[in-house]
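Chain by chain, the residues run as shown.
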Protein chains: 2
Amino acid sequence: MPDVLDGDAVDAALADRGIAWSREGSDLVKVVRRTGFAGALEFVNQVGALAETADHHPDIDIRWDTVTLRLSTHSAGGLTDKDLSLAAEVDELG
Amino acid sequence: MPDVLDGDAVDAALADRGIAWSREGSDLVKVVRRTGFAGALEFVNQVGALAETADHHPDIDIRWDTVTLRLSTHSAGGLTDKDLSLAAEVDELG
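Residues numbered from 1 in each chain as written. Chains lettered and ligands numbered in written order. Predicted model: local features only at pLDDT ≥ 70, side-chain atom pairs only at ≥ 80, totals over all residues. Heavy atoms only, no water.

A.B. asks: I'd love a proper account of the overall build of chain A, names of residues and values included.
C.D. replies: Across its full length, chain A carries three helices and four strands. Counting from the amino terminus, chain A carries its helices and strands in the arrangement α-β-β-α-β-β-α. The C-alpha radius of gyration of chain A comes to 13 Å, within 12% of the 12 Å expected for a compact globule of 94 residues. Taking the principal axes of the C-alpha coordinates as reference, chain A spans close to 35 × 25 × 20 Å. Counting only residues that meet the buried cut, chain A has 46% of its 94 residues in that class. A separation of at least 24 residues holds for 66% of the contacts in chain A among residues at least 6 apart in sequence. Of the roughly 4600 Å² that chain A leaves accessible, carbon and sulfur atoms contribute 47%. Here chain A contributes 8 positively and 18 negatively charged side chains, and the mean placements of these two sets differ by 6 Å. (Helix = DSSP H or I, 4+ residues; strand = E, 2+ residues; numbered from the N terminus. Rg over C-alpha atoms; globule rule 2.2 N^0.38 Å. Buried < 20%, exposed > 50% of the residue type's maximum accessible area, 1.4 Å probe, protein only. Contact = heavy atoms within 4.5 Å. Areas by Shrake-Rupley, 256 points an atom, 1.4 Å probe, with all protein chains shown as cover. Lys, Arg positive; Asp, Glu negative; His and termini not counted. Charge placed at Lys NZ, Arg CZ, Asp CG, Glu CD.)

Next comes the structure, spelled out in structure tokens:
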């Protein structure tokens, strides 16, 4: 089980590693807008491939052209390096 | 612009046409569970293809193996036959 990071540690890691997600309590959240529903769905499939490889899956909400991702390590009861790693990989999608 | 249907008309149509969605106020809601995240994402892509063809898009929430779909005709301010039609098509996915 990965170690749970406290809020300060998460905030520091986000800043140090340039990860463009927001911390909301024990979740990391990212809102991405694409071109239309098709663009949003394409992005979700890209995220899905990363999630399957990592065996770690964000909550995903699709609203037409906008996708909200929410990450937490529920099995550990908070944010862990698994969340930071997947967040950074999603950022690389551009 | 399609006509907005009142709640009784929607409930009657759901029953008459055997559409397996729940009405929650001015939304139709369906919760579908698939096999794992991959199964959920496959279902979302199937729904997405129907939505693009219909040019009518549900809100879609993915939680690991569970997908929640929420339909309403926001431009009309309520439920219309566009929602019932897409709901029926989604049901045909099985």
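A.B. asks: Lay out the relation of the copies chain A and chain B with the relevant residues and their values.
C.D. replies: Mapping chain A onto chain B leaves a residual RMSD of 0.0 Å; the transformation is a rotation of 180° accompanied by 0.0 Å of translation along its axis. The symmetry that links the two subunits is that of a two-fold axis. Minimal C-alpha distance to the rotation axis in chain A is attained by A:Asp61, lying at 2.2 Å. (Least-squares fit on C-alpha atoms with pLDDT ≥ 70 in both.)

A.B. asks: Help me get a handle on the nonpolar core, residues and values and all.
C.D. replies: Among the nonpolar cores identified, the biggest contains 51 residues, and A:Leu28, A:Ile62, B:Leu28 and B:Ile62 are the most heavily contacted of them. In terms of residue count, the dominant contributor to this core is helix α2 (residues 36-54) of chain A (eight residues). Residues in contact with A:Leu28, not counting those within four places in the same chain, are A:Val10, A:Leu14, A:Trp21, A:Ser22, A:Arg23, A:Leu69, A:Arg70, A:Leu71, A:Leu79, A:Asp83, A:Leu84 and A:Ala87. (Core = buried A, V, L, I, M, F, W, Y, C linked by side-chain atoms within 4.5 Å.)

A.B. asks: Could you give an account of the packing of α2(A) against helix α2 (residues 36-54) of chain B, naming the residues involved and the relevant values?
C.D. replies: The contact between α2(A) and α2(B) brings their axes to 11 Å, and the two run at 170°. On the basis of their axis angle, the class for α2(A) and α2(B) is roughly antiparallel. Together, A:Phe37, A:Ala38, A:Leu41, A:Val44, A:Asn45, A:Gly48, A:Ala51 and A:Glu52 of α2(A) and B:Phe37, B:Ala38, B:Leu41, B:Val44, B:Asn45, B:Gly48, B:Ala51 and B:Glu52 of α2(B) make up the contact between the two elements. Split by residue class, the contact of α2(A) with α2(B) holds ten nonpolar, four polar and two charged. (Axes fitted to C-alpha atoms, helices over the stretch in contact; angles between N-to-C directions. Parallel < 35°, antiparallel > 145°, perpendicular 65-115°, else oblique. Nonpolar A, V, L, I, M, F, W, Y, C, P; charged D, E, K, R; others polar.)

Honestly, it's all geometry; don't read function into it.
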